[in-house]
Amino acid sequence: MERLRLDMNTQESAAVFGQGDAHVSIIEDAFNVDISLEDGGISCTSRHEDGQSKQRIELAISVIRRMLELSKQGEILNRQITAYLCDLASENGPISLSSYQTGGVCITSRGKSIKAKTQGQQTYVESIRKNMITFGIGPAGTGKTYLAVALAVDAFRKNEVSRIILTRPAVEAGENLGFLPGDLQSKVDPYLRPLQDSLYEIMGIDSYNRNMERGAIEIAPLAYMRGRTLDHAFIILDEAQNTTQEQLKMFLTRIGQGSKAVVTGDVTQIDLPRDKVSGLKKIERILGGIDDIGFCTLTGKDVVRCELVQKIIRAYEQYEQK
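Reading the values: rules and limits
- Residues numbered from 1 in each chain as written.
- Predicted model: local features only at pLDDT ≥ 70, side-chain atom pairs only at ≥ 80, totals over all residues.
- Heavy atoms only, no water.
- Buried < 20%, exposed > 50% of the residue type's maximum accessible area, 1.4 Å probe, protein only.
- Helix = DSSP H or I, 4+ residues; strand = E, 2+ residues; numbered from the N terminus.
- Pairing = 2+ DSSP bridges.
- Right-handed = clockwise from strand over helix to strand, strands pointing away.
- Axes fitted to C-alpha atoms, helices over the stretch in contact; angles between N-to-C directions.
- Contact = heavy atoms within 4.5 Å.
- Core = buried A, V, L, I, M, F, W, Y, C linked by side-chain atoms within 4.5 Å.
- Parallel < 35°, antiparallel > 145°, perpendicular 65-115°, else oblique.
- Left-handed = near helix turned anticlockwise from the far one by under 90°.
- Nonpolar A, V, L, I, M, F, W, Y, C, P; charged D, E, K, R; others polar.
- Expected span 1.5 Å × (residues − 1).

Looking at the pairing of strand 10 (residues 260-265)
Here is step 1: Counting buried positions along strand 10 yields 6 of 6 residues, so the element is predominantly enclosed.
Here is step 2: Residues Lys-260, Val-262 and Thr-264 point to one face of strand 10 and Ala-261, Val-263 and Gly-265 to the other, with burial holding for every one of them.
Here is step 3: Sheet analysis places strand 6 (residues 133-137) next to strand 10, joined by 5 bridges and oriented parallel. The partner of Thr-134 across the bridge, within strand 10, is Val-262.
Here is step 4: For the crossover that starts at strand 9 (residues 233-237), traverses helix 9 (residues 245-252) and ends in the parallel strand 10, the hand is right-handed.

Description of the sheet that holds strand 10
Here is step 1: The 6 strands are arranged 8-7-9-10-6-11 in an open sheet whose pairing can be described as parallel. Both edges of this open sheet fall to strand 8 (217-221) and strand 11 (293-297), since each of them pairs with a single strand only. Between one strand axis and the next, the sheet turns by 15° as a mean value, whatever way the strands run.
Here is step 2: This element, helix 6 (residues 144-157), spans strand 6, strand 7 (163-168), strand 9 and strand 10 of the sheet and lies at about 170° to strand 9.

Quick word on the nonpolar core
Here is step 1: Val-105, Tyr-124, Val-153, Leu-199, Phe-234 and Ile-236 are the most contacted members of the largest nonpolar core, which totals 33 residues.
Here is step 2: Mapped onto this core, the elements with two or more residues apiece are strand 4 (104-107), helix 5 (119-130), helix 6, strand 7, helix 7 (184-203), strand 8 and strand 9.
Here is step 3: Counting residues per element, this core draws most heavily on helix 6, which supplies 9 residues.
Here is step 4: Core analysis: the second largest hydrophobic core is formed by 29 residues, Cys-44, Ile-61, Val-63 and Met-67 among them.

Focus on the pairing of strand 6
Within a regular beta strand, the side chains point alternately toward one face of the sheet and then the other, so they alternate between its two faces.
Here is step 1: With 5 of 5 residues buried, strand 6 is to be regarded as a mostly interior element.
Here is step 2: Covered by surrounding structure in strand 6 are Ile-133, Phe-135 and Ile-137 together with Thr-134 and Gly-136, the residues of both alternating faces.

Here we look at the packing of helix 3 (residues 53-72) against helix 4 (residues 79-92)
Here is step 1: Contact geometry of helix 3 with helix 4 gives a least axis separation of 10 Å together with a crossing angle of 135°. Here helix 3 lies oblique to helix 4, going by the angle between them. The handedness of the crossing between helix 3 and helix 4 is right-handed. Judged by residue contacts, Leu-59, Ser-62, Val-63, Arg-66, Met-67 and Leu-70 of helix 3 engage Ile-81, Thr-82, Leu-85, Cys-86 and Ala-89 from helix 4.
Here is step 2: The class makeup of the residues in the contact of helix 3 with helix 4 is 8 nonpolar, 2 polar and 1 charged.

Re the side chain of Thr-244
Here is step 1: By the element assignment, Thr-244 lies in the loop between strand 9 and helix 9.
Here is step 2: Residue Thr-244 is classed as buried on the basis of its relative accessible area, which comes to 12%.
Here is step 3: Excluding its chain neighbours within four sequence positions, the residues that come into contact with Thr-244 are Leu-272, Lys-276, Val-277 and Gly-279.

Quick look at helix 3
Here is step 1: Helix length check: helix 3, at 20 residues, gives a terminal C-alpha distance of 29 Å against a target of 28 Å (1.5 Å per residue), a fit within 8%.
Here is step 2: Directly beyond the C-terminal end of helix 3, a positive phi value near 95° is found at Gly-74.

Below is the structure:
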């Protein structure tokens, strides 16, 4: 019988097993193994003896080792992280302790560390840091906008840019809101609130308000970008699936010296009228291969918002494939 033992203390094994053995059950089912507690550690055995028994045990142990490493780094383990690591090991082989290194992105005003939580997110972060323009395309909950805002704040704090500009098209999500009372800012606030919320959390309200007053932060509808040259700025275009080809071209040609731009969107959630084509759908065919422009595609495996959201996205993907 194939068996492999891993030494760890009671606290470490508790983190791996999870409440009600929730984490370890996922690992057992993923690799067809049995994991049990032993004095001073845990033991992993194969449920069925075959030519793959040793490999399955090694994959399971590699996942456990990575979970221990994450726990020691202060990460709170959950079912979603466990399932992601199992998928990662199944696709790429045993997870080494040097692989899947998710670096820190930014520290919030409350001292919380923001970091990439999946390999897809890490690739996205690296692309933003490397390229002048990065396109982040993927489903809801993958952290496209949040990580971009965090990187913008980090660049602003380091004086790499002199201002942050956040924009998105004012397109309603399948429903007509009709007349909105108030001044112009009141009318566009509902569209720009998600971006504002991210800045609130990362910068803190006092810092946000102070920088807004002096013009170092600007949140505006995409239409306000026309005719401008945006130098020394970190610019984020959110919900870019709702831009036409002409609008996206207009935005990209606004970018000036010393600036960095991130364009995010989900091509499965387009709210444009049926006679309009999303500019984001064809952008890689148009700009692919140009130096200093990166394209990063996130998937359902990169969803960090909620395990249920991940399941919903997978269900929609399966339905559309059929």
